[in-house]
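# An overview of the molecular structure
The residues making up each chain are set out below.
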Amino acid sequence: MRTSLRSVRGARSALALLAAGALALSAAGCGDDGDGGGPPGGGKGASDTVRQTVRLPKLDGQKLKVTAVWTGAEQKGFTKVLDEFSRRTGAEVAYVPSGDDMSAFVGSKIAGGDPPDVAMLQQPGALREFARKGWLKPLGSEAAAELGKNFTQGWQELGSYEGKRYGVYFKVSNKSLVWYNTGVFEGAGAKEPKTWPEFLSTAQLIADYGIPAVSVGGADGWTLTDWFENVYLSQAGPEKYDQLAQHRIPWTDPSVKDALTALGRLFGGKGLLADGNQGALQTQFPTSVTQTFTGGEEPKAAMVFEGDFAAANVIGAGARIGKEARVFPFPAVGAKAPVVTGGDVGVALKDGPAAQALLTFLASPDAARVWAGQGGFLSANKNLDLAAYPDDTLRSIAGAVVAAGDGFRFDMSDLAPASFGGKPGQGEWKHLQDFLKDPGDVAGTQQKLESDAAKAFKS
């Protein structure tokens, strides 16, 4: 969902702000184990409360420009990370928001001879594009070593191009979650399902109780790609997922038929969707969440599927996470429950010790710990203590990403050419919206998807 990360940035920023203001934050760690340098000048600072596990060079007098799409609360969270880096190294760091079009921003800066030192990219495709154009600098030995120590092979390869390591996935999202209204579940006698058949049975139980089971934001086509990707990853498995993502198998493959058929059992179920299929097609993502947690004893739906960023909309609807609202992992359609992710990857656009040192820091548990305590942040760093997160819900969501090991997969539509995976009114978005309208047309949906995919991947 190439556009989805931009579409939900406001929601994620709101979540960070709400979490910082509404949750009682606990210290992520304290003291200094002596493995790294202290704050410049030996003064007090964040380094006194963030345990240091990585040694960074002294960079007094050096200046560093860092760009990302983040604004608002996300920018504030990342700025705290950059401040900690400055305290440890003495480097002067300037943050420059890129705007939505990172490729255009970086391209213009490179054309002008003054690119930022480090950029935080949102799509693997952008990393590959930049590396192909020769814009990126490979990770140095220290950054690569820190990355190898703290991240699984899958995350390392996602930040690579043609065998070279370029990126550090610093901030990620867990897009395999189902949020539910606890009042409706209790009234209907429903329990959290663990498998797809249990999920469908639970949906029917709730519908029989008198409340539509699932709210779908079908007006935003990216939500439908996320539905498909979770079903497909769990049912077909990671290898098939990779093949389909790279168009090494066609969308007419039997595995796609199986996934659409499974998804069609939900989309085609009588009374299972809020406002029916036509209503779902007119429902935007934020509304799909809020209508699940408003309306008192008669909300429009009992459940809504989307990533951790949906928490901002849950809170905005007046529901307390862990009370009126709870969350469970996307149910297993096949042997294992899926973990589909998104994320932001740090890359160096300039040579030099400062850029490499920042990437080394971003690959460490130390940097992740700074932002994790603020809320509105998830890390795939396997050595970040989950106690760094401010509440049990975030610990559980982050823990699922880490526990997936190399079994996670990045959002498939973000891996595809934008013309197929990331634009309204065409490609995946359009054809899955058509499928939501007519869930019985599995073969026709496959043919349309394959036709557009073939064109997009050729170009």
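Everything numeric here is computed off the predicted structure, so don't read it as measured data.

This part takes up the overall build of the chain. Looking only at helices and strands, the chain features 22 helices and 12 strands. With 459 residues in all, the chain has 57% of them scored as buried. Summed over its atoms, the accessible surface of the chain is roughly 17300 Å², and 50% of this surface lies on carbon and sulfur atoms.

The next thing to look at is the pairing of strand 7 (residues 177-181). A large share of strand 7 lies buried, amounting to five of its five residues. Burial along strand 7 is two-sided: the face carrying Leu177, Trp179 and Asn181 and the face carrying Val178 and Tyr180 are both buried. In terms of strand pairing, strand 7 meets strand 10 (residues 325-329) through five bridges, oriented antiparallel. By the bridge assignment, Leu177 is partnered in strand 10 with Pro329.

A word on the pairing of strand 11 (residues 340-348). Remark: a regular strand shows side chains that alternate across the two faces of the sheet. Burial analysis of strand 11 places nine of its nine residues in the buried class, the great majority of the element. Every second residue of strand 11 is oriented toward a common face, with Val340, Gly342, Asp344, Gly346 and Ala348 on one face and Thr341, Gly343, Val345 and Val347 on the other, all of them buried. As judged from the four bridges shared by strand 3 (residues 118-121) and strand 11, these two strands associate in the antiparallel manner. Bridge pairing in strand 11 links Val118 to Ala348. Two strands pair when backbone bridges link them, and strand 11 and strand 12 (residues 409-410) are joined in this way by two bridges, in the parallel orientation. Paired with Val340 across the two strands is Arg409, which belongs to strand 12.

Moving on: helix 6 (residues 141-150). Among the residues making up helix 6, those that are buried are Ala143, Glu146, Leu147 and Asn150. Buried residues of helix 6, viewed axially, fall in a sector of 100 degrees; they line one side. With respect to the buried face of helix 6, the exposed residues turned more than 90 degrees away are Ser141 and Ala145. Along its buried surface, helix 6 packs onto helix 7 (153-158), strand 5 (164-165), strand 6 (167-174), helix 16 (353-362) and helix 17 (365-372).

Attention now goes to the layout of surface pockets. Each pocket or cavity is described by its volume, and for the largest pocket that value is around 940 Å³. Of all the elements in the fold, those that place two or more residues in the lining of the largest pocket are helix 4 (102-111), helix 5 (124-132), helix 7, helix 11 (238-245) and strand 12. Broken down by element, the lining of the largest pocket gets its largest block of residues, six residues, from helix 5. Along the lines of polarity and charge, the residues of the lining of the largest pocket split into 15 nonpolar, eight polar and 11 charged.

Structurally, Glu74 is set in helix 3 (residues 72-89). Exposure remark for Glu74: the relative accessible area of 0% places this residue in the buried category. Only 3.2 Å separates the side chain of Glu74 from the side chain of Lys171, close enough to count as a polar contact.

Before going further, it helps to spend a moment on the pattern of salt bridges. Enumeration according to the criterion identifies 16 salt bridges in this entry. Note that Lys65 is salt-bridged to Asp114, the shortest N-O span being 3.2 Å. Of the two residues, Lys65 is situated in strand 1 (residues 63-68) and Asp114 in the loop between helix 4 and strand 3; the sequence distance between them amounts to 49 residues. With a closest N to O distance of 3.4 Å, Glu146 and Lys149 form a salt bridge. Highlighted residues: Glu146 and Lys149, both in helix 6, separated by three residues, approximately one helical turn.

Now for the packing of aromatic side chains. Aromatic ring pairs are defined here through the distance separating the ring centres and the angle between the ring planes. Considering all chains together, one arrives at 28 aromatic pairs under this definition. Aromatic side chains Trp70 and Phe78 sit 4.9 Å apart centroid to centroid with 70 degrees between the ring planes, which places their arrangement in the edge-to-face category. Exposure remark for Trp70: the relative accessible area of 0% places this residue in the buried category. Residue classification places Phe78 among the buried residues on the basis of a relative accessible area of 0%. Both rings, one in Phe228 and one in Tyr232, keep their centres 5.4 Å apart while their planes meet at 25 degrees; by these two values the pair is stacked. Here the residue Phe228 and the residue Tyr232 both occupy positions in helix 10 (residues 221-236), the gap between them amounting to four residues, near one helical turn. The pair formed by Phe228 and Tyr232 is uniform in burial state, with each residue classed as buried. Ring pairs connect the aromatic residues Trp196, Phe199, Trp227, Phe267, Phe305, Phe330 and Phe435, which therefore count as one cluster. For Lys171, the ring lying beneath its charged end belongs to Trp371, and the centroid distance is 5.4 Å.

Criteria and cut-off values
- Residues numbered from 1 in each chain as written.
- Predicted model: local features only at pLDDT ≥ 70, side-chain atom pairs only at ≥ 80, totals over all residues.
- Heavy atoms only, no water.
- Helix = DSSP H or I, 4+ residues; strand = E, 2+ residues; numbered from the N terminus.
- Buried < 20%, exposed > 50% of the residue type's maximum accessible area, 1.4 Å probe, protein only.
- Areas by Shrake-Rupley, 256 points an atom, 1.4 Å probe, with all protein chains shown as cover.
- Pairing = 2+ DSSP bridges.
- Arc of directions from axis to C-beta.
- Contact = heavy atoms within 4.5 Å.
- 1 Å grid on protein atoms, 1.4 Å probe; cavity = no way out; pocket = protein on both sides within 12 Å on 5 of 7 lines; lining within 4 Å.
- Points joined across faces, edges and corners; volume = space filled by probe spheres on them.
- Nonpolar A, V, L, I, M, F, W, Y, C, P; charged D, E, K, R; others polar.
- Polar contact = N/O pair within 3.5 Å; in protein donor to acceptor, adjacent residues only side chain to side chain.
- Salt bridge = Lys/Arg side-chain N within 4 Å of Asp/Glu carboxyl O.
- Phe/Tyr/Trp six-rings, centres within 6.5 Å; stacked < 30°, edge-to-face > 60°.
- Lys NZ or Arg CZ within 6 Å of the ring centre and 35° of its normal.

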